[in-house]
Amino acid sequence: MLQNRFLFVLAVLVLFLLPACNGSKPQLSKLMKSDIDMVTDAHLGQVESLLKELTRKLYRRNPRELKKSPQASLESRQRQLFAADWSLDFAEIGHKRGIPAILLGLEPDYQGDRVFPIMVGLISMLRSSYNNQREFFLLDSLEPQKLYNSARNIEVLVWRLKTRLDQNGQPLLLTNSLPDEKSNLSYERLFGKLIAHQDMMAQIAAEKWDRVINRVVHSAATSVFLPVGF
């Protein structure tokens, strides 16, 4: 496999250098990408953008969560969650990522900032479904089952955010409007877009790499989180 990758890269470099004789030189990254790779890059970019918007909205809807960490602000949390190194490794939440981080934020007795572990878990889970890659090239592949499972996990998260209540009968985290408030379905739309992106990429990956998706009988109200892996 390594030998094949080396030969492929060498061939691309030759193709890249030849046009220089004619005074034109295509971008190397474009030569190493298929249409599907560019589509994948675009989907991942949209997912990251939606996650940033969701983070902002959750903190603005739940300002009490930031107050649980005196040194934290919306800006500092955004910097932590979307740092350039993509590590998402925080002692504050016991170094949890993925589903364990989401579950931590949904624990009734959790005393910390709930938005933070939930977003750490959601961001790391979705990035994992893209193999924790920032960009895709010809020799890269995706596992459609991971993409599909991540979409179902978002549905489970949305359900739990709606139904998990504290000792006073209030949601652990506020999202869409409460019964006595003006209608606000913006969170539902954001989650819906994330689900749609993951389902679309799962179908694209299944068709490109001739894989079969195990489409489980799924109800968000009764289902557990599905494995995505890291």
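Residues numbered from 1 in each chain as written. Predicted model: local features only at pLDDT ≥ 70, side-chain atom pairs only at ≥ 80, totals over all residues. Heavy atoms only, no water.

## Structural notes on the confidence of the model for the protein
With 84% of its residues at a pLDDT of 70 or more, the protein shows a mean pLDDT of 88. Low pLDDT, under 50, characterises residues 6-16; the stretch is placed with 14 contacts to residues that sit more than four places away or in other chains. (pLDDT = per-residue confidence, 0-100. Contact = heavy atoms within 4.5 Å.)

## Remarks on empty space enclosed by the protein
All told, the structure shown has 1 cavity of 30 Å³ or more when counted by the stated rule. Roughly 40 Å³ of volume is contained in the largest cavity. Lining the largest cavity, in full, are Val158, Leu161, Lys162, Thr175, Asn176, Tyr187, Glu188 and Phe191. In the lining of the largest cavity, the residues fall into 4 nonpolar, 2 polar and 2 charged. (1 Å grid on protein atoms, 1.4 Å probe; cavity = no way out; pocket = protein on both sides within 12 Å on 5 of 7 lines; lining within 4 Å. Points joined across faces, edges and corners; volume = space filled by probe spheres on them. Nonpolar A, V, L, I, M, F, W, Y, C, P; charged D, E, K, R; others polar.)

## Re the layout of surface pockets
In this structure, the largest pocket spans a volume of roughly 200 Å³. In terms of lining, the largest pocket is formed by Arg64, Glu65, Lys68, Pro108, Tyr110, Gln111, Arg114, Leu165, Asp166, Gln167, Pro171 and Leu172. Considering only residue class, the lining of the largest pocket consists of 5 nonpolar, 2 polar and 5 charged.

## Quick notes on the pattern of salt bridges
Side-chain pairs of opposite charge can arise whenever the charged atoms involved come near each other. In this structure the tally under the stated criterion is 11 salt bridges. With its nearest N and O atoms 3.2 Å apart, the salt bridge here joins Arg77 to Asp113. Of this pair, Arg77 sits in helix H5 (residues 74-81) while Asp113 sits in the loop between helix H6 (98-105) and helix H7 (115-129), and the two are 36 residues apart along the sequence. The same class applies to Arg77 and to Asp113, which are both buried. In this structure, Arg211 engages Glu143 in a salt bridge whose closest nitrogen and oxygen atoms are separated by 3.3 Å. In this pair, Arg211 sits in the segment after helix H9 (186-208) while Glu143 sits in the loop between H7 and helix H8 (144-163), placing the two residues 68 residues apart along the sequence. Its relative accessible area of 29% is what places Glu143 among the partly exposed residues. Among the charged side chains, a salt-bridge network with shared partners connects Lys33, Asp41 and Glu135. (Salt bridge = Lys/Arg side-chain N within 4 Å of Asp/Glu carboxyl O. Helix = DSSP H or I, 4+ residues; strand = E, 2+ residues; numbered from the N terminus. Buried < 20%, exposed > 50% of the residue type's maximum accessible area, 1.4 Å probe, protein only.)

## Things to note about the environment of Val120
Inspection of the secondary structure assignment puts Val120 in helix H7. Taking C-alpha positions, Val120 is 9.5 Å from Phe82, a pair spaced 38 residues apart along the chain. Look past the residues within four positions of Val120 in its chain and what remains in contact with it is Leu81, Leu88, Phe90, Ile93, Lys96, Arg97, Gly98 and Ala101.

## Some details on the packing of H6 against H7
For the pair H6 and H7, the least separation of the axes is 7 Å and the interaxial angle reads 160°. Taken together, the axes of H6 and H7 are roughly antiparallel relative to one another. Along this stretch, H6 crosses H7, giving a crossing that reads as left-handed. Across the interface between the two elements, Gly98, Ile99, Ala101, Ile102, Leu104 and Gly105 from H6 touch Pro117, Ile118, Val120, Gly121, Leu122, Ser124 and Met125 from H7. Broken down by class, the residue content of the contact of H6 with H7 amounts to 9 nonpolar, 4 polar and no charged. (Axes fitted to C-alpha atoms, helices over the stretch in contact; angles between N-to-C directions. Parallel < 35°, antiparallel > 145°, perpendicular 65-115°, else oblique. Left-handed = near helix turned anticlockwise from the far one by under 90°.)

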